Amino acid sequence: AQKVTQAQTEISVVEKEDVTLDCVYETRDTTYYLFWYKQPPSGELVFLIRRNSFDEQNEISGRYSWNFQKSTSSFNFTITASQVVDSAVYFCALSPFSGNTGKLIFGQGTTLQVKP
Amino acid sequence: ETGVTQSPTHLIKTRGQQVTLRCSSQSGHNTVSWYQQALGQGPQFIFQYYREEENGRGNFPPRFSGLQFPNYSSELNVNALELDDSALYLCASSSGGYNNEQFFGPGTRLTVL
């Protein structure tokens, strides 16, 4: 089965706190891509990061960082010094190689609320 | 903004009716994927079109159908609407291939009464 699980439905933090969004995935494919998207209230999904299954290096982009651990099938996302503008729904997604369509399998999403 | 546009923004239909949603892909992209996002859920893959041919389909019944035109814009058609079809319908364009970033449009909010 191909599946993405985001166990945290909602997270609420106060501005400037660090927050980690968890993502666990399942796939039998050895080749796949993982993504994180942000969905603000406007509804449009905003691409944040893409990571392939052969690259386990952690990545940092400004206040955002991602920790990919193949051994635990996890791809967690950390926001450092959160800001009110980070409030949104965040989705983790898997794109398996099988079928070669590039279809994205999304998790249920985590709603992040950052309070001033 | 991604350059992917969708129309209409909102739509209200009644059960049994038919609906057509439209998507214009980003310049240079030849692949369009459609997703259904029910309230409080993650998007679900409906199908993908690559160079005017269907290139993969999710677990949706045949009353969900689509088209892609020579300019790579696309339509999603849903026949015999059901209440559960109420959702945000998202279109994403890409330059093809399983590893390419998909750029999403703002979506069409469909309400079925």
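Residues numbered from 1 in each chain as written. Chains lettered and ligands numbered in written order. Predicted model: local features only at pLDDT ≥ 70, side-chain atom pairs only at ≥ 80, totals over all residues. Heavy atoms only, no water.

Some details on the pattern of salt bridges
Side chains that carry opposite charge are capable of pairing whenever their charged atoms lie near each other. Residue and element names in this part refer to chain A. Applying the stated criterion across every chain, the model contains seven salt bridges over all chains. Here Arg 51 ties to Glu 59 by a salt bridge, and the two come within 2.5 Å at their closest N and O atoms. A relative accessible area of 6% places Arg 51 in the buried class. Here the salt bridges do not stand alone but share partners, grouping Arg 51, Asp 55 and Glu 59 into one network. (Salt bridge = Lys/Arg side-chain N within 4 Å of Asp/Glu carboxyl O. Buried < 20%, exposed > 50% of the residue type's maximum accessible area, 1.4 Å probe, protein only.)

Notes on the pairing of strand 4 (residues 31–37) of chain B
The side chains of a regular strand alternate, first on one face of the sheet and then on the other. Residue and element names in this part refer to chain B. The buried count for strand 4 comes to seven of seven residues, which makes it a mostly enclosed element. Of the two faces of strand 4, the one carrying Thr 31, Ser 33, Tyr 35 and Gln 37 and the one carrying Val 32, Trp 34 and Gln 36 are both buried. Pairing of strand 4 with strand 5 (residues 44–50), which is carried by six bridges, proceeds in the antiparallel orientation. Within strand 5, the residue paired with Trp 34 across the bridge is Phe 47. If you look at the hairpin formed by strand 4 and strand 5, you'll find six residues sitting between the two strands, and Gly 40 has a positive phi there, around 80 degrees. (Helix = DSSP H or I, 4+ residues; strand = E, 2+ residues; numbered from the N terminus. Pairing = 2+ DSSP bridges.)

Brief notes about the packing of aromatic side chains
Residues and elements named next belong to chain B. Considering all chains together, one arrives at 21 aromatic pairs over all chains under this definition. Ring plane angle 65 degrees and centroid distance 5.7 Å describe the contact between Tyr 35 and Phe 45, whose orientation is recorded as edge-to-face. Placement of the pair is Tyr 35 in strand 4 and Phe 45 in strand 5, with a sequence separation of 10 residues. On the basis of relative accessible area, Tyr 35 is assigned to the buried category, the value being 0%. (Phe/Tyr/Trp six-rings, centres within 6.5 Å; stacked < 30°, edge-to-face > 60°.)

As for the interface of chain A and chain B
Counting residues at the interface gives 24 residues for chain A and 23 residues for chain B. For the chain A and chain B pair, buried surface summed over both sides reaches about 1,900 Å², with 52% attributable to carbon and sulfur atoms. Across the chain A-chain B interface, the total number found is zero salt bridges. Of all elements in the fold, only strand 5 (32–39), strand 6 (46–52) and strand 10 (88–96) of chain A reach the threshold of two or more residues within the side of chain A that touches chain B. Among the elements that make up the side of chain A that touches chain B, the one with the highest residue count is strand 5 of chain A (five residues). (Contact = heavy atoms within 4.5 Å. Buried area = accessible area lost by both parts, 1.4 Å probe.)

Here we look at the sheet that holds strand 8 (residues 74–78) of chain B
All names here are of chain B. Strand order in the open sheet formed by four strands is 1-3-8-7, and the pairing between neighbours is antiparallel. The outermost strands of the open sheet, each flanked by one partner alone, are strand 1 (5–7) and strand 7 (64–68). Direction aside, neighbouring strands of the sheet carry axes that sit 20 degrees apart on average. The pairing of strand 1 with strand 3 (residues 19–24) spans three bridges and is classified as antiparallel. Residue pairing for strand 3: Gln 6 is matched across the bridge by Cys 23. (Axes fitted to C-alpha atoms, helices over the stretch in contact; angles between N-to-C directions.)

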